[in-house]
Amino acid sequence: MTPEGPASPPGRRGRDPVDVADLVARARDGEARAVARLISLVEDAGPALPEVAAALAPHGGRAQVVGLTGAPGVGKSTTTTALVGVLRGRGLRVGVLAVDPSSPFSGGALLGDRVRMQDHAGDDGVYIRSMATRGHLGGLAWATPQALRVLDVAGCDVVLVETVGVGQSELEVASLADTTLVLLAPGMGDGIQAAKAGILEVADVLVVNKADREGADRTVRDLRSALALGGRHEAPGAWCPPVVRTVATAGTGVEDLARALAEHRAWLASSGEGDRRRAARAAREIEAVALTGLRERMGQVRGSAALGALAAQVVAGRTDPFRAAALLLDQL
Ligand code: GDP
């Protein structure tokens with residue numbers, strides 16, 4: 001990842017003007033540097049972002065976005081690496097986006113330290129990228145979908161999204177994905193706990209990783225009964241989340257996992273659920289961008305004469321804060 005340099009005038013860098021159309025064309029040809037640069041532009045949320053979003057919009061729509069969620073240490077990273085290997089073996093292009101909501105540092109550095117980077121280094125069918133979202137206005141809500149779009153436009157068949165670090169963003173990641181994998185490990189939270197945490201609701205595929213450890217059978221059983229109790233899968237044609245056992249470190253069960261992903265992808269297409277999820281995601285994205293814009297405008301209003309006048313009227317009892325706020329929103 002190259003540094004983006006100092007603050008630049010709108011739409012251009014200090015040294016080079018950003019030719020967004022050219023970058024997108026190169027990314028579509030699969031040029032890794034162009035992909036990296038586009039993701040940086042998205043992440044920086046700079047003035048070029050609307051242009052980048054507009055240039056990306058007509059392309060893509062092909063990738064299956066797979067979110068991996070689960071407690072730290074459950075094996076998300078290891079599973080991601082193993083899955084990349086299996087998917088590459090099937091000739092698929094794969095993107096990996098590791099989102100770290102707890103870190104303000106971005107780029108390749110975070111993941112560069114991780115062993116898994118070595119596994120797929122030099123393979124031009126894999127894009128691996130980490131993204132720090134702390135301190136972003138809207139954070140995950142819109143930086144991540146745009147980065148996913150870049151990977152989609154670059155021709156990825158599957159994009160794996162994983163959260164690293166600590167965060168309550170597990171459910172948020174699920175909301176970005178076409179397919180959500182929920183990982184559990186024996187003794188690290190059984191099915192009942194999972195049900196309590198609400199993660200069974202978002203799971204499309206359940207993974208019991210570390211199946212080499214004692215208690216895996218029990219975790220699988222607990223999950224199956226928790227799923228049956230939930231009853232959300234009884235409708236005709238409904239998706240029933242499979243429970244897949246894996247030993248990610250040994251690659252055991254990872255073929256089964258890849259098969260479950262492909263089956264879910266086929267179901268998304270045949271049931272219409274894929275379109276429904278995409279529409280819901282686009283609506284949330286628009287909302288997040290609009291809210292950011294609204295916040296910016298509110299920032300401009302703060303300390304303004306107009307707001308001062310409204311405040312004076314509230315103090316004088318001529319109006320109330322609710323009416324004053326409605327007036328203010330109308331003016332925005
Ligand atoms: P993450 O925090 O969810 O990304 O978890 P990691 O992938 O970093 O894995 C945490 C630890 O568990 C590492 O030391 C892995 O080597 C180990 N681990 C991952 N999968 C397995 C597995 O299937 N069996 C065993 N015994 N250890 C595993």
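Read on for a plain summary of the structure. Predicted, not measured: the structure shown is a model, and the values here were computed from it.

**With respect to a nonpolar patch on the surface**
Next, step 1: A cluster of nonpolar side chains, contributed by Leu 291, Leu 294 and Leu 329, occupies part of the molecular surface with about 260 Å² of accessible area.
Next, step 2: You can see Leu 294 is positioned in helix α13 (residues 273-301).

**Brief notes about helix α12 (residues 254-271)**
Next, step 1: With 18 residues, α12 extends 25 Å between its outermost C-alpha atoms, agreeing within 8% with the 26 Å of an ideal straight helix rising 1.5 Å per residue.
Next, step 2: Looking only at α12, the buried set comprises Val 254, Leu 257, Ala 258, Ala 260, Leu 261, His 264, Trp 267 and Leu 268.
Next, step 3: In this fold, the buried residues of α12 make contact with β1 (64-69), α4 (76-89), β5 (179-184), β6 (205-208), β7 (243-245) and α13.
Next, step 4: Positive backbone phi, approximately 85°, marks Gly 272, located one or two places after α12.

**With respect to the site of the ligand**
Next, step 1: Every one of the 15 residues lining the ligand counts as a neighbour, but Gly 73, Lys 76, Ser 77, Thr 78 and Asp 212 are closest to it.
Next, step 2: One nitrogen or oxygen atom from the side chain of Thr 78 is found 2.5 Å from an oxygen atom belonging to the ligand.
Next, step 3: Ala 248 is positioned with one of its backbone polar atoms (N or O) 3.0 Å from an oxygen atom of the ligand.
Next, step 4: Coverage of the ligand by the protein amounts to 70% of the 580 Å² it exposes when considered alone.
Next, step 5: Within the shell around the ligand, the residues separate by chemical class into 5 nonpolar, 6 polar and 4 charged.

**Re the packing of aromatic side chains**
Next, step 1: Counted under the stated rule, the structure contains 1 aromatic pair.
Next, step 2: Ring centres 5.8 Å apart and planes at 40° place the aromatic pair Trp 239 and Trp 267 in the tilted group. A residue pair is termed long-range when its members are at least 10 positions apart, and Trp 239 in the loop between α11 (216-230) and β7 and Trp 267 in helix α12 qualify at 28 residues.

**Some remarks on the pattern of salt bridges**
Next, step 1: Tallied over the entire structure, the rule returns 15 salt bridges.
Next, step 2: With a shortest N-O distance of 2.9 Å, Glu 43 and Arg 129 are connected by a salt bridge. Taken as a pair, Glu 43 in helix α2 (residues 32-44) and Arg 129 in strand β3 (residues 126-132) lie far apart in primary sequence, 86 residues in all. In terms of burial, Glu 43 and Arg 129 fall into one category: buried.
Next, step 3: Note that Arg 278 and Asp 178 form a salt bridge whose closest N and O atoms lie 3.6 Å from each other. Here the residue Arg 278 occupies a position in helix α13, and Asp 178 occupies one in the loop between α8 (170-176) and β5, the gap between them amounting to 100 residues.

How each quantity is defined
- Residues numbered from 1 in each chain as written.
- Predicted model: local features only at pLDDT ≥ 70, side-chain atom pairs only at ≥ 80, totals over all residues.
- Heavy atoms only, no water.
- Patch = residues over 30% accessible without salt bridge, like charges linked within 9 Å, V, L, I, M, F, W, Y side chains within 5 Å.
- Areas by Shrake-Rupley, 256 points an atom, 1.4 Å probe, with all protein chains shown as cover.
- Salt bridge = Lys/Arg side-chain N within 4 Å of Asp/Glu carboxyl O.
- Helix = DSSP H or I, 4+ residues; strand = E, 2+ residues; numbered from the N terminus.
- Expected span 1.5 Å × (residues − 1).
- Buried < 20%, exposed > 50% of the residue type's maximum accessible area, 1.4 Å probe, protein only.
- Contact = heavy atoms within 4.5 Å.
- Near = heavy atom within 4 Å.
- Polar contact = N/O pair within 3.5 Å; in protein donor to acceptor, adjacent residues only side chain to side chain.
- Nonpolar A, V, L, I, M, F, W, Y, C, P; charged D, E, K, R; others polar.
- Phe/Tyr/Trp six-rings, centres within 6.5 Å; stacked < 30°, edge-to-face > 60°.

Take it as geometry only, folks, not as evidence of what the structure does.
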